[in-house]
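Descriptive analysis of the structure
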Amino acid sequence: MTARLCQYAIAAVFLLLGGWALIAPGSVIDLAVTEAYCEDTYLTRFVMACFGSQAVLFGVMALAVRWTSKAFAVFAVLLLPFFVFNWYFHYEVPVLTSIGMLDFAGNVTMLAAALIGWRAARGQERAPA
């Protein structure tokens, strides 16, 4: 897999999940948040849509720029705290439903793409021009 395809995979996660939060924030709240923490108010839908718009923005940027091996490595490291977030808010404080754990699945997908992309980009950077 080429580094560029890895970027597309990372972008796809941001665009799909972020797009869902942007376009249908009430649906995300209803399906991804447990009943004990679910508040379907204007403000929660607004905040969810803001979160989605930022994810979409990053997804578009992931499509528009060319990542180096360093960019893939930095992204992979910066993604690690999100696994702690997923664990904590699913198992310790049960905010996220099993559907909410799509975030975890997205993080796994992006981490794998980042590691594969890092290796592919590193190989491209080392190759003679």
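Anything mentioned here points back to the structure above.
Residues numbered from 1 in each chain as written. Predicted model: local features only at pLDDT ≥ 70, side-chain atom pairs only at ≥ 80, totals over all residues. Heavy atoms only, no water.

**Here we look at the packing of helix α1 (residues 3-23) against helix α2 (residues 25-32)**
- Where α1 meets α2, the closest approach of the two axes is 5 Å, and the angle between their N-to-C directions is 110 degrees. Comparing their axes, α2 and α1 come out roughly perpendicular. On α2, the residues touching Trp 20, Ala 21, Leu 22 and Ile 23 of α1 are Pro 25, Ser 27, Val 28 and Leu 31.
- A breakdown of the residues in the contact of α1 with α2 according to their chemical character gives seven nonpolar, one polar and no charged. (Axes fitted to C-alpha atoms, helices over the stretch in contact; angles between N-to-C directions. Helix = DSSP H or I, 4+ residues; strand = E, 2+ residues; numbered from the N terminus. Parallel < 35°, antiparallel > 145°, perpendicular 65-115°, else oblique. Contact = heavy atoms within 4.5 Å. Nonpolar A, V, L, I, M, F, W, Y, C, P; charged D, E, K, R; others polar.)

**Some details on the pattern of salt bridges**
- Counting across every chain of the model gives one salt bridge.
- When the shortest N-O distance is used, the salt bridge between Arg 45 and Asp 40 registers 2.8 Å.
- Classification of Arg 45 as partly exposed rests on a relative accessible area of 29%. (Salt bridge = Lys/Arg side-chain N within 4 Å of Asp/Glu carboxyl O. Buried < 20%, exposed > 50% of the residue type's maximum accessible area, 1.4 Å probe, protein only.)

**Thoughts on the nonpolar core**
- Ile 10, Phe 14, Trp 67, Phe 72, Phe 75 and Met 110 are the most contacted members of the largest nonpolar core, which has 19 residues in total.
- At the level of secondary structure, the elements contributing two or more residues to this core comprise α1, α3 (42-64), α4 (69-92) and α5 (102-126).
- If one sorts the elements of this core by residue count, α1 sits on top with six residues.
- Residues contacting Phe 75, with those up to four places away along its chain left out, are Ile 10, Phe 14, Phe 58, Trp 67, Met 110 and Ala 114. (Core = buried A, V, L, I, M, F, W, Y, C linked by side-chain atoms within 4.5 Å.)

**Things to note about the packing of aromatic side chains**
- Within this structure, the stated rule accounts for 11 aromatic pairs.
- Ring geometry for Trp 67 and Phe 75: centres 5.4 Å apart, planes at 55 degrees, overall tilted.
- Exposure remark for Trp 67: the relative accessible area of 11% places this residue in the buried category.
- With a centroid separation of 4.9 Å and 90 degrees between ring planes, the pair formed by Tyr 88 and Phe 89 is classed as edge-to-face.
- Taking relative accessible area as the criterion, Phe 89 reaches 27% and is therefore assigned partly exposed.
- Ring-pair connections join several aromatic residues into one group, and the members of that group are Phe 14, Phe 58, Trp 67, Phe 72 and Phe 75. (Phe/Tyr/Trp six-rings, centres within 6.5 Å; stacked < 30°, edge-to-face > 60°.)

Don't take any of this as a statement about function, it's just geometry.
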